[in-house]
Amino acid sequence: MTAITPDTPVASRSSLSPPGPRGPGGAPTLRTARVPEDGMYEGRRTLRRLPEGTQERPYEHIEIAPQGRVIGAEIRGVDLSQPLAPALREELNRALLEWKVLFFRGQAITSQQQRDFAANWGELETNPLLARGSSDEVVRFDKGGSGTPTFENVWHTDVTFRERPALGAVLQLHEVPPVGGDTMWADMAAAYDNLPDTVKARIDGARAVHDFIPGFARFYGPEKLIPMQEQFPPVEHPVVRTHPQTGRKMLFVNTSFTTHIVGMDREESDRLLSYLVRQAHVPEYQVRFHWQAGDIAFWDNRATQHYAVDDYAPHRRVAERVAIEGDRPF
Ligand code: OGA
Ligand code: MN
């Protein structure tokens, strides 16, 4: 085949494109074409960061540096090694609800300080499926070098296979690769807001089953999986959950743990779920954070999904996470 370059004469280029459709008598007619019905994503999106009707209010104790349009803010002027005064805790909680993920640069706190900070939001979670850090409440991710393989590079909400998935999590990076190793978050309220009305009507009141098996089974043998199955039977959650503090509706299905929609035949459920989980991929709903050692992210796990970009092996990336117990989604 002849290579086509910008200098190729038009006459020989035109051999690539067949002549347009012609009606009877050879007159040109308008061509029609279709793409898969759920494949079209373009156009203006509704990008609402705050619940409808909420007014923007200033912050008195912290400085907010927005990192995304609907999600993600760097918080300045806070030292997370220190106990939080109640007014500061309240402002951080408001910032968490309004921005969904908060970033704190250069904290470099101890595991104990990280646990104490997270404990301002509730009981700390233990996670028997992930590698333990300095205590049962600390999960340690040591990846890329000779560490464990990555499996956080899929859009997910943490532990939705629990009856009460985590409220949120606090992650600190201890060792960062020279390039890469970012984390991304997506706002599931924005994802819900932008669903077509026909889809909203289909999922209104629907429930889905969540199970740790698809996300974790391949990493463990039966001796570990069988007791884990007893501890974590499949659970049902609403496909659209309401945020207990903001009242916003949020899409609450994810690739790692949502297996099917209750009462739908398998093929229909697969099609609908694959469309729904894909909404986390829309860049307008996302923020991407580039880490330095000692940085902390604190996300609202009720309102978001996240994705740990796995692009840094053979370099090492070490992180520790503390998660806060959540409510039963409704
Ligand atoms: C997590 C997770 C993200 C990261 O802590 O739940 O998915 O960037 N990690 O390591
Ligand atoms: Mn995660």
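Look above for the structure.
Here's a quick rundown of the structure. Per chain, residues are indexed from 1 in the order of the written sequence. Whichever chain is written first is A, and whichever ligand is written first is 1; the rest continue in order. In keeping with the predicted nature of the model, local features appear solely for residues at pLDDT of at least 70, side-chain atom pairs appear and are counted solely at 80 or more, and the whole-chain, interface and lining totals rest on all residues.

Brief notes about the site of ligand 1
Surveying the vicinity of ligand 1 reveals the residues Phe141, Glu152, Asp158, Ala169, Leu171, Thr183, His306, Ala308, Ala319 and Arg321. When contributions to the shell around ligand 1 are tallied by element, the ones reaching two or more residues are β5 (168-175), β14 (304-308) and β15 (317-324). When residues are sorted by character, Ala, Val, Leu, Ile, Met, Phe, Trp, Tyr, Cys and Pro go into the nonpolar class, Asp, Glu, Lys and Arg into the charged class, and all the rest, Gly among them, into the polar class. Here the residues of the shell around ligand 1 sort into 5 nonpolar, 2 polar and 3 charged. Using the backbone to place each C-beta atom, any residue with that atom within 6 Å of a molecule or strand is considered near it. To qualify as a helix, a DSSP run of H or I must reach at least 4 residues; to qualify as a strand, a run of E must reach at least 2; elements of each kind are numbered from the N terminus.

Comments concerning the sheet that holds β5
Reading across the sheet, the 7 strands line up as β1-β2-β3-β13-β5-β15-β4 and stay open at both edges, with mixed pairing between neighbours. One side of each edge strand has no neighbouring strand; the edge strands of this open sheet are β1 (63-66) and β4 (138-143). Strand-to-strand twist of the sheet, defined as the mean angle between neighbouring strand axes without regard to direction, takes the value 25°. Paired strands, as defined in this entry, are two strands with at least two bridges between them according to DSSP. Pairing of β1 with strand β2 (residues 73-76), which is carried by 4 bridges, proceeds in the antiparallel orientation. When the sheet's bridge partners are listed, glutamate 63 is paired in β2 with arginine 76. Only C-alpha atoms enter the line fits that serve as axes; for helices the fit covers just the stretch in contact. Angles between N-to-C directions range over 0 to 180 degrees.

Considering the nonpolar core
In summary, soluble globular proteins display a tendency toward joint burial of nonpolar side chains. Any set of buried Ala, Val, Leu, Ile, Met, Phe, Trp, Tyr and Cys residues joined through C-beta atoms within 7 Å is what this text calls a nonpolar core. Partly exposed residues are those whose C-beta has more than 12 but fewer than 20 other C-beta atoms within 10 Å; 20 or more makes a residue buried and 12 or fewer makes it exposed, with C-beta atoms placed from the backbone. Leu102, Met188 and Leu251 are the most contacted members of the largest nonpolar core, which totals 71 residues. It is helix α4 (residues 188-193) that contributes the most residues to this core, 5 residues altogether. Placing C-beta atoms from the backbone, we regard two residues as in contact once those atoms come within 7 Å. Sequence-distant contacts of methionine 188, defined by excluding residues within four places in its chain, comprise Met250, Leu251, Phe252, Ala303, Thr304 and Gln305.

Brief notes about the sheet that holds β14
Here 3 strands make up an open sheet; going across it, the order is β12-β6-β14 and the pairing antiparallel. Since the sheet does not close on itself, it has two edges, and those belong to β12 (286-289) and β14, each with one partner. Neighbour-to-neighbour, the strand axes of the sheet open up by a mean angle of 20°, direction not taken into account. Of the pairings in the sheet, the one linking strand β6 (residues 183-187) to β12 comprises 4 bridges and is antiparallel in character. Within β12, the position partnered with tryptophan 185 by the bridge is valine 287.

Brief notes about unusual backbone geometry
Geometrically, the link from alanine 313 to proline 314 is a cis peptide bond, its omega value of 10° lying close to zero. At lysine 100, a position not held by glycine, the phi torsion is positive, near 70°. For lysine 100, a count of 32 C-beta atoms within 10 Å puts it in the buried group. Of note, alanine 108 is a non-glycine position whose phi angle comes to about 45°, a positive value. Structurally, alanine 108 is set in the loop between β3 (101-104) and α3 (111-118). With 15 C-beta atoms packed within 10 Å, alanine 108 lands in the partly exposed category.

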